[in-house]
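Below are the chains, spelled out letter by letter.
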Amino acid sequence: FRQPTQAYPNGNIVINSELPLANKVSTAFHEMAHADMHKDLEKLKNDMEKDDNFIVTRQLKEVQAESVAFMTASNFGIETDHKSFNYIANWSDGRDLKALEDSMKVIYNESKQLMQDI
């Protein structure tokens, strides 16, 4: 359970039970990153040192969440390279790489916090 968000108003994160274990874990990390990072977009923009006019796109949210999932899974020896790299490449294709660069600090901090929580 996590705090309610627009995507998960009741706070629940549901993961397909038929996924292989590594995918279940990385999906949990991905969704937990969304729940934590994207519940307050104003705070996220502030953490990224962006002004109020900056738009946090769905593409950026997906890249951020999967980056956190990859870093967290890697820390625990769970290999998600193929899945994560393809996912990030698909969501970032042709997108603003400056926004991704500006996200590195928040991605690192979120992954660090998730690892501590675990």
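The model shown is predicted, which means the values in this text are computed figures rather than measured ones.

Calculation rules
Residues numbered from 1 in each chain as written. Predicted model: local features only at pLDDT ≥ 70, side-chain atom pairs only at ≥ 80, totals over all residues. Heavy atoms only, no water. Helix = DSSP H or I, 4+ residues; strand = E, 2+ residues; numbered from the N terminus. Expected span 1.5 Å × (residues − 1). Buried < 20%, exposed > 50% of the residue type's maximum accessible area, 1.4 Å probe, protein only. Contact = heavy atoms within 4.5 Å. Core = buried A, V, L, I, M, F, W, Y, C linked by side-chain atoms within 4.5 Å. Salt bridge = Lys/Arg side-chain N within 4 Å of Asp/Glu carboxyl O. Phe/Tyr/Trp six-rings, centres within 6.5 Å; stacked < 30°, edge-to-face > 60°.

Here we look at helix 1 (residues 21-37)
Residues separated by three or four positions in an α-helix point in the same direction, a consequence of the helix having 3.6 residues per turn.
Here is step 1 of the chain: For helix 1, with 17 residues, the first-to-last C-alpha span of 24 Å sits near the 24 Å given by 1.5 Å per residue.
Here is step 2 of the chain: What helix 1 keeps buried is the set S26, T27, A28, F29, H30, E31, M32, A33, H34, A35 and M37.
Here is step 3 of the chain: Buried positions along helix 1 lie against helix 2 (41-47), helix 3 (58-75), helix 4 (81-92) and helix 5 (97-117).

Regarding the nonpolar core
Here is step 1 of the chain: Judged by nonpolar contacts, the single largest core of 21 residues is most densely connected at M37, L44, M48, F54, L60 and V68.
Here is step 2 of the chain: Mapped onto this core, the elements with two or more residues apiece are helix 1, helix 3, helix 4 and helix 5.
Here is step 3 of the chain: Residue contributions to this core peak at six residues, all from helix 3.
Here is step 4 of the chain: Ignoring any residue separated from it by four or fewer positions in sequence, one finds M37 in contact with L44, Q64, V68, V106, I107 and E110.

Description of the pattern of salt bridges
Pairs can form between side chains of opposite charge once their charged atoms are near each other.
Here is step 1 of the chain: The final tally for this structure, using the stated rule, is six salt bridges.
Here is step 2 of the chain: With a shortest N-O distance of 3.9 Å, R58 and E62 are connected by a salt bridge. Of this pair, R58 and E62 both sit in helix 3, four residues apart, roughly one helical turn.
Here is step 3 of the chain: The salt bridge partner of E66 is K83, with a shortest N-O separation of 3.4 Å.

Some remarks on the packing of aromatic side chains
Here is step 1 of the chain: Inspection of every chain in the model, using the stated rule, returns three aromatic pairs.
Here is step 2 of the chain: Taking 6.5 Å as the distance between ring centres and 40° as the angle between the ring planes, the aromatic pair formed by F29 and F76 counts as tilted. In this pair, F29 sits in helix 1 while F76 sits in the loop between helix 3 and helix 4, placing the two residues 47 residues apart along the sequence.
Here is step 3 of the chain: A relative accessible area of 39% places F76 in the partly exposed class.

Considering unusual backbone geometry
Here is step 1 of the chain: Notably, E49 is not glycine yet its phi reads approximately 60°, a positive angle.
Here is step 2 of the chain: Locating E49 in the fold gives a position in the loop between helix 2 and helix 3.

Observations concerning helix 3
Here is step 1 of the chain: Between the first and last C-alpha of helix 3 there are 26 Å, a value that for 18 residues agrees with the 26 Å anticipated at 1.5 Å per step.
Here is step 2 of the chain: The inward-facing, buried residues of helix 3 contact helix 1, helix 2, helix 4 and helix 5.
Here is step 3 of the chain: Once helix 3 finishes, G77 follows within two positions and takes phi at roughly 75°, a positive value.

What about the environment of A28?
Here is step 1 of the chain: One can find A28 in helix 1.
Here is step 2 of the chain: Owing to a relative accessible area of 19%, A28 belongs among the buried residues under this scheme.
Here is step 3 of the chain: Put simply, A28 and I15 are 13 residues apart on the chain and 7.2 Å apart in space, counted from C-alpha to C-alpha.

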